[in-house]
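Examining the three-dimensional arrangement
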Amino acid sequence: MGVMSQRAIIHVDMDAFYASVEVRDDPSLAGKPVIVGGTPEGRGVVAAASYEAREYGIHSAMSAFRAKKLCPHAVFIRPRMRHYSSVSKQIFAIFREYTPLVEPISIDEAFLDVTGSLSLFGPAEEIGRTIKRRIRETIGLTASVGVAPNKFLAKLASDLEKPDGFVIIKAEEAISRLAPLPVGKLWGVGKVTQKKLISHGIPTIKDLRDFPTGKLETIVGSQARRLRDLANGIDNRPVAVGEESKSIGAETTFPKDIYDAERLMEVLDSLVERVAKRLRKEGYRAHAVHLKARYPDFKTVTRVVTLPAATASTKKIQETVRELFEKRLDRQDRPLRLVGVSTSQLVRAKKDELELFPDDQEEQREKVDHLLDELQKRYGSQTIWRGKRRAADKD
Ligand SMILES: [Mg+2]
């Protein structure tokens, strides 16, 4: 059996975060089905649903219209992202009192590596409990917390007794805790892979562990080894320190579904403009570029590409998104109701790092982009535009 990682990892995940913040701020909402997201009259989706709303089968990414049908008396609230982000900052400030090794997964979820903090603050369980209590007492919200020797097990643990959960998985009990769980609980196993595995008689993690490695490769390809490791409770991924705003993106839901590829590309281009501008304004470059598309039946797909060098160049991101759209989306001329562009794996773009910049042309592009940003600020965005701006493209 492989060597267990000796880390002490805590995974904290806030419960129904946006909805819980709204309930905290307006106690008259307590106990009610609360939905944060688009209005049922519009074409938006559920961003977060309180646990009372979830009892009606409502979940995030469902259309607000459908949510309203499932629970007509639900309270619909428009999201206040700025507010949630300031609450998130308070929560992350608590994390950083216990370790500098904090990896944000989203606005309300993070991994903490407390291996180096044990001598100062006591066992990981104790740190986890203290953080959970402090979030409740000082922020007024509940979190689910998992404590384990690695990221995979810690995330799994925090999910086991959600909401308001606290679960410890010790290295020596990892295998027995994992055994009965469905293979879908393994990191990276989505619905498609899960179905495939089940069809080969591998419904549980124990089944996967017992399956011959060679045969497993014929089913899941190069993933086989990683899945085998996870099934044995092994995950050596380090906690990667980052910033709260793990991604910067923009998306738009159309008033009417759009078929026309050219028109869709125009919208994507203008979304990229906004995203790249925000990256530069906040001093980031991104390693990963994501394209999101939603079909009229709400099926939502995302495509992502990781670039060899981080970028904040509008042109580079546009090229990347165009390629994802044309080569990877497989839209087959179906209409779309939403498209989105986002960037992740952000790194700080420090001025003194410019010398180390791997691509001169890239650097030049970014300088031009910065200049354009400045000019647009001064003269307005209609005056200056990058490349050919079509008359129809107003935003
Ligand atoms: Mg959460």
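Here, every reference points to the structure presented above.
To keep things clear, this report deals only with the structure shown in the data block. Note that this is a predicted model, so its numbers are computed, not measured. (Residues numbered from 1 in each chain as written. Predicted model: local features only at pLDDT ≥ 70, side-chain atom pairs only at ≥ 80, totals over all residues. Heavy atoms only, no water.)

**With respect to the sheet that holds strand 2 (residues 34-37)**
This is how it is decided: Pairing between two strands requires that DSSP report at least two bridges joining them. A run of H or I in DSSP becomes a helix once it reaches four residues, and a run of E becomes a strand once it reaches two; helices and strands are each numbered from the N terminus. A fitted line through C-alpha atoms serves as each axis, taken over the contacting stretch for helices, and the angle formed by two N-to-C directions is quoted from 0 to 180°. Any pair of residues with heavy atoms lying within 4.5 Å of one another is described as a contacting pair.
Pairing in this open sheet of three strands is mixed, and the strands run 3-2-4 from one edge to the other. Looking at which strands have only one partner, the edges of the open sheet turn out to be strand 3 (46-49) and strand 4 (75-77). On average, each strand axis in the sheet is inclined to that of its neighbour by 25°, with strand direction left out of account. Two strands pair when backbone bridges link them, and strand 2 and strand 3 are joined in this way by three bridges, in the antiparallel orientation. Residue pairing for strand 3: Gly-37 is matched across the bridge by Val-46. Against the sheet, helix 1 (residues 17-25) touches strand 2, strand 3 and strand 4, its axis set at about 120° to strand 2.

**Section: the coordination of the magnesium ion**
Note on metal sites: the ideal angle is 109.5 degrees for four tetrahedral donors, and 90 or 180 degrees for six octahedral donors. This is how it is decided: As a rule, N, O and S atoms within 2.8 Å of a metal are its donors, except that Na, K and Ca use 3.2 Å; water is not among the atoms, so sites may look incomplete. Remark: exposure states derive from per-residue accessible area (1.4 Å probe, protein chains only) relative to the maximum for the residue type, with buried under 20%, exposed over 50%, and partly exposed in between.
Coordination sphere of the magnesium ion, protein contribution only: Asp-13 (OD), Met-14 (O) and Asp-108 (OD), at 2.2 to 2.4 Å. Counting residues between consecutive donors of the magnesium ion along the chain gives the motif D-M-x93-D. With Asp-13 in strand 1 (residues 9-14) and Asp-108 in the loop between strand 5 (102-106) and strand 6 (109-113), the pair connects residues that are 95 residues apart, well separated along the chain. Side by side, Asp-13 and Asp-108 carry an identical accessibility label, which is buried.

**Section: the pattern of salt bridges**
Two side chains carrying opposite charge are able to pair once their charged atoms lie near each other. For the record, the criterion: Every case where a carboxyl oxygen of Asp or Glu lies within 4 Å of a side-chain nitrogen of Lys or Arg is listed as a salt bridge.
Scanning the model with the defined rule gives 19 salt bridges in all. Between Asp-269 and Arg-322 there is a salt bridge, and its shortest N-O distance comes to 2.8 Å. With a gap of 53 residues between them, Asp-269 in helix 13 (residues 261-281) and Arg-322 in helix 14 (residues 314-328) connect regions that are remote in the sequence. The class of Asp-269 is buried, set by a relative accessible area of 14%. Through salt bridges with shared partners, a single ionic network connects Glu-22, Arg-24, Asp-25 and Arg-80.

**Section: the packing of aromatic side chains**
Defined as follows: Only Phe, Tyr and Trp rings are paired, with Trp represented by its six-membered ring, and only when their centres lie within 6.5 Å; those with planes under 30 degrees apart are stacked, over 60 edge-to-face, the remainder tilted. A ring is scored as having a charge over it whenever the NZ atom of a lysine or the CZ atom of an arginine sits within 6 Å of its centre and within 35 degrees of its normal.
According to the stated counting rule, one finds five aromatic pairs in the structure shown. A connected cluster of aromatic rings, assembled from ring pairs, spans Phe-17, Tyr-18 and Tyr-84. A cation over an aromatic ring shows up here: Arg-334 above the ring of Tyr-295, its NZ or CZ 4.0 Å from the ring centre.

**A few points about the pairing of strand 6**
Most of strand 6 sits inside the fold, with five of its five residues counted as buried. Of the two faces of strand 6, the one carrying Glu-109, Phe-111 and Asp-113 and the one carrying Ala-110 and Leu-112 are both buried. The sheet contact formed by strand 1 and strand 6 spans five bridges and is antiparallel. By the bridge assignment for strand 6, His-11 is matched with Phe-111. Bridge analysis of strand 5 against strand 6 gives four bridges, and the strand direction is antiparallel. Among the inter-strand pairings, Val-102 is bridged to a residue of strand 6, identified as Leu-112. Turn length for the strand 5-strand 6 hairpin, with the two strands adjacent in sequence and antiparallel, is two residues.

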